[in-house]
Amino acid sequence: MMPSASTNGPFDRLETRKEYMRGYLQQYRHSNRLRLQLYGRKWRQQNRDRYLAIKRRSYIRRRDIALAYARKRRLELQKRVFSMLGGCCVACGDADFYHLKLDHIRGKRLCARLERRSATSGTGLYIWLINHPEFTLREAQLLCHNCNQMKSLFPAQFYRHFPQVK
Ligand SMILES: [Zn+2]
């Protein structure tokens, strides 16, 4: 006897089929990641105006979500960089995350030049610092806002007060 057309087992139910397809696509994307990346890059290059229009539209629609996500990501990266650097002010020992600030030991401009990059703050900087721990430990330290202000406004007094700080 021929099986009737409607016996596709569990795939009869739309939800099951959707779930299956979702899993399948996820798997496909995972195992073809590089190929899809290259394809996407090529498409974006060839359809630059269309790509930018789509990007702009979706950004406008999802602006709040995108900004919240970016903020959360930046905060997580910042926490990672701060814990790399000991997690407390190197001068007074204040360990409150919200009191702390990344101090470029030899100045922001020089660090940017050493890093050969123009961005000196934000997500991009944190990612770079995480990927270059040797540079980070050599050129950056944590100071609380108080100590940071003191270092920049009254350096002589600061170094007399905290001779161990660079
Ligand atoms: Zn301090």
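Everything numeric in this text was worked out from a predicted model, so none of it was measured.

What counts, and at which threshold
Residues numbered from 1 in each chain as written. Predicted model: local features only at pLDDT ≥ 70, side-chain atom pairs only at ≥ 80, totals over all residues. Helix = DSSP H or I, 4+ residues; strand = E, 2+ residues; numbered from the N terminus. Rg over C-alpha atoms; globule rule 2.2 N^0.38 Å. Buried ≥ 20, exposed ≤ 12 C-beta atoms within 10 Å, placed from the backbone. Domains from an automatic or database assignment. Core = buried A, V, L, I, M, F, W, Y, C linked by C-beta atoms within 7 Å. Contact = placed C-beta atoms within 7 Å. Pairing = 2+ DSSP bridges. Axes fitted to C-alpha atoms, helices over the stretch in contact; angles between N-to-C directions. Left-handed = near helix turned anticlockwise from the far one by under 90°. Nonpolar A, V, L, I, M, F, W, Y, C, P; charged D, E, K, R; others polar. Expected span 1.5 Å × (residues − 1).

Overview of the overall build of the protein chain
Within the protein chain, the regular secondary structure consists of nine helices and two strands. Helices (α) and strands (β) of the protein chain occur, in sequence order from the N terminus, as α-α-α-α-β-α-α-α-β-α-α. Over its C-alpha trace the protein chain gives a radius of gyration of 26 Å, far above what one expects of a compact globule, namely 15 Å for 166 residues. Here the C-alpha coordinates of the protein chain stretch approximately 95 × 35 × 30 Å along the principal axes. When each of the 166 residues of the protein chain is scored for burial, the buried share is 10%.

Some words on the domain arrangement of the protein chain
Considered domain by domain, the protein chain is made up of domain 1 (12-61) and domain 2 (67-166). For domain 1 versus domain 2, the distance between C-alpha centres works out to 38 Å.

Details of the nonpolar core
Of all hydrophobic cores here, the largest spans twelve residues; its members are Val81, Cys89, Ala91, Leu100, Leu102, Leu125, Tyr126, Leu129, Leu142, Leu143, Cys144 and Cys147. Counting only elements with at least two residues in this core, the list comes to strand 1 (100-104), helix 6 (122-131) and strand 2 (140-144). Apart from the residues within four sequence positions on either side, Tyr126 is in contact with Arg74, Leu77, Gln78 and Val81.

Examining the pairing of strand 2
Of all five residues making up strand 2, four are buried, and the element is well covered by its neighbours. Bridge count for strand 1 against strand 2 is five bridges, and the pairing is antiparallel. Among the inter-strand pairings, His104 is bridged to a residue of strand 2, identified as Ala140.

Considering the packing of helix 4 (residues 63-84) against helix 6
At their nearest, the axes of helix 4 and helix 6 sit 9 Å apart, and the two run at 35° to each other. Once helix 4 is placed against helix 6, the crossing between them reads as left-handed. Each of Ala70, Arg73, Arg74, Leu77, Gln78, Arg80 and Val81 in helix 4 lies in contact with helix 6, whose residues at this interface are Gly122, Thr123, Tyr126, Ile127, Leu129 and Ile130. Considering only residue class, the contact of helix 4 with helix 6 consists of seven nonpolar, three polar and three charged.

Points about helix 3 (residues 48-61)
The terminal C-alpha atoms of helix 3 lie 20 Å apart, and with 14 residues this matches the ideal 20 Å at 1.5 Å per residue to within 8%. With respect to burial, helix 3 is a largely exposed element, only zero of its 14 residues being buried.

Description of the environment of Cys144
Here Cys144 shows up in strand 2. For Cys144, a count of 22 C-beta atoms within 10 Å translates into the label buried. Put simply, Cys144 and Asp96 are 48 residues apart on the chain and 8.4 Å apart in space, counted from C-alpha to C-alpha. Discounting chain neighbours no more than four positions away, the residues touching Cys144 are Cys89, Cys92, Asp94, His99, Leu100 and Lys101.

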